[in-house]
Amino acid sequence: MQKQSNSPSDSSFRTSIGGQALIEGILMRGPHKQAIVVRRPDGEMEVKEEPLKLIKDRHPILGVPFIRGTVNFLDSMVKGVQALMFSAEFYPEEEEEEPSKFELWLEKHLGTDAFNQAIIYLAVVLGVGFSVVLFILLPALVFGLLQNVIPSFFIRNLLEGATRIVIFFIYLILCSKQQDMKRVFAYHGAEHKTIFCYERRLPLTVENVRDMPRHHPRCGTSFLFVVMVIAILIFSVVQVENVVLQLVIKLLLLPVVVGITYEINRWMGRHDNLLSRVCTAPGLWMQNFTTNEPDDSMIECAIEALKRVIPEEDGADAW
């Protein structure tokens, strides 16, 4: 296990380790492995640890800057859904519905493992599809149809981008009001606090983690907000009159938007200056809605998950 120090020179250390809140648990991903820690109904912690298999290791071209952003985003979504399904197994619904004939047919012909993988990829496709429709296509369609009302392309593009951000903001607020999500967001806060404690080279104890900030500049919420802003700039090149063609071009430009945003976030994560603080400020503010203060049991889960993915070589996980 990596030894932690309290030397002043460590104050600028930033780790590449990231996490995700689950149902009563935490997923942490390090440079070489990932760990899932779930608090079972009996109060004990269930741990699942496994080596991290990266797509770029098999296909180096997918690790090239501006390409790796979309690849890593989709890979994180797949692994995130897998972890979420693992945590959900410990908290089944009180009244489980009987599987449909279609589900039974799929399981019979694909096998249990293949069926579970199919469900995971379907969930990712539906999740990405829902986000694209709600945050990208819907605003684009609305303002594409207002060409006669708002003839200026520049103004329409700004209004479309602003509408996209407002929809995202409202979505976050509605999620934060759901009772079940409040505990998930508290685990999200535990994840951030634990990573902050580790980056400051303090011993990973509940007492130390409890005093850390719950807003982290490299959070996925900040990433998504920057996606919205970059989309305004990139979509400004789509100056075509046909609404359908506009939508198609914007869909094709989405990987470009994600790729650029990923590189910007990497830069912001490595720097602490006026520009980086200004760029991360909106995302940090939005974390008021996606993170809550965790209790000690949540912090314990986050600490356990983080400890299991810290590389043995000191600094191997540096951002």
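Scroll up for the structure.
Residues numbered from 1 in each chain as written. Predicted model: local features only at pLDDT ≥ 70, side-chain atom pairs only at ≥ 80, totals over all residues. Heavy atoms only, no water.

## Observations concerning the nonpolar core
Then comes step 1: By size, the foremost hydrophobic cluster in this structure holds 28 residues, and its most contacted members are Ile 17, Met 28, Tyr 198, Leu 204 and Leu 306.
Then comes step 2: Put simply, the parts of the chain that give this core at least two residues each are β2 (25-29), β3 (33-39), α6 (179-199), α7 (206-210) and α11 (296-307).
Then comes step 3: Beyond its immediate chain neighbours, meaning those up to four positions away, Ile 17 contacts Met 28, Arg 29, Gly 30, Pro 31, Ile 195, Tyr 198, Leu 306, Val 309, Ile 310 and Asp 317.
Then comes step 4: Counting 19 residues, the second largest nonpolar core, distinct from the first, contains Val 226, Val 227, Val 238 and Val 257. (Core = buried A, V, L, I, M, F, W, Y, C linked by side-chain atoms within 4.5 Å. Buried < 20%, exposed > 50% of the residue type's maximum accessible area, 1.4 Å probe, protein only. Helix = DSSP H or I, 4+ residues; strand = E, 2+ residues; numbered from the N terminus. Contact = heavy atoms within 4.5 Å.)

## Remarks on the side chain of Glu 160
Then comes step 1: Along the chain, Glu 160 turns up in helix α5 (residues 153-177).
Then comes step 2: Glu 160 sits in the buried class, given a relative accessible area of 4%.

## Things to note about the packing of aromatic side chains
How two aromatic rings sit relative to each other is given by the distance of their centres and the angle of their planes.
Then comes step 1: Tallied over the entire structure, the rule returns nine aromatic pairs.
Then comes step 2: Ring centres of Phe 135 and Tyr 171 lie 5.7 Å apart, and the angle between their planes is 80°; on these two criteria the pair is classed as edge-to-face. With Phe 135 in helix α4 (residues 112-144) and Tyr 171 in helix α5, the pair connects residues that are 36 residues apart, well separated along the chain.
Then comes step 3: The ring of Tyr 198 carries the charged tip of Arg 201 above its face, separated from the ring centre by 5.9 Å.
Then comes step 4: For Arg 218, the ring lying beneath its charged end belongs to Trp 319, and the centroid distance is 5.1 Å. (Phe/Tyr/Trp six-rings, centres within 6.5 Å; stacked < 30°, edge-to-face > 60°. Lys NZ or Arg CZ within 6 Å of the ring centre and 35° of its normal.)

## Describing the sheet that holds β2
Then comes step 1: With antiparallel pairing, four strands are arranged side by side in an open sheet as β1-β2-β3-β4. At either end of the open sheet lies a strand with only one pairing partner, and these are β1 (18-22) and β4 (45-51). Taking each pair of neighbouring strands and ignoring which way they run, the sheet shows an average axis angle of 15°.
Then comes step 2: When β2 meets β3, the two strands line up antiparallel, connected through five bridges. Bridged to Gly 25 within β3 is Val 38.
Then comes step 3: Contacts between helix α2 (residues 68-88) and the sheet are confined to β1, β2, β3 and β4, with β2 contributing the most and set at about 150° to the helix. (Pairing = 2+ DSSP bridges. Axes fitted to C-alpha atoms, helices over the stretch in contact; angles between N-to-C directions.)

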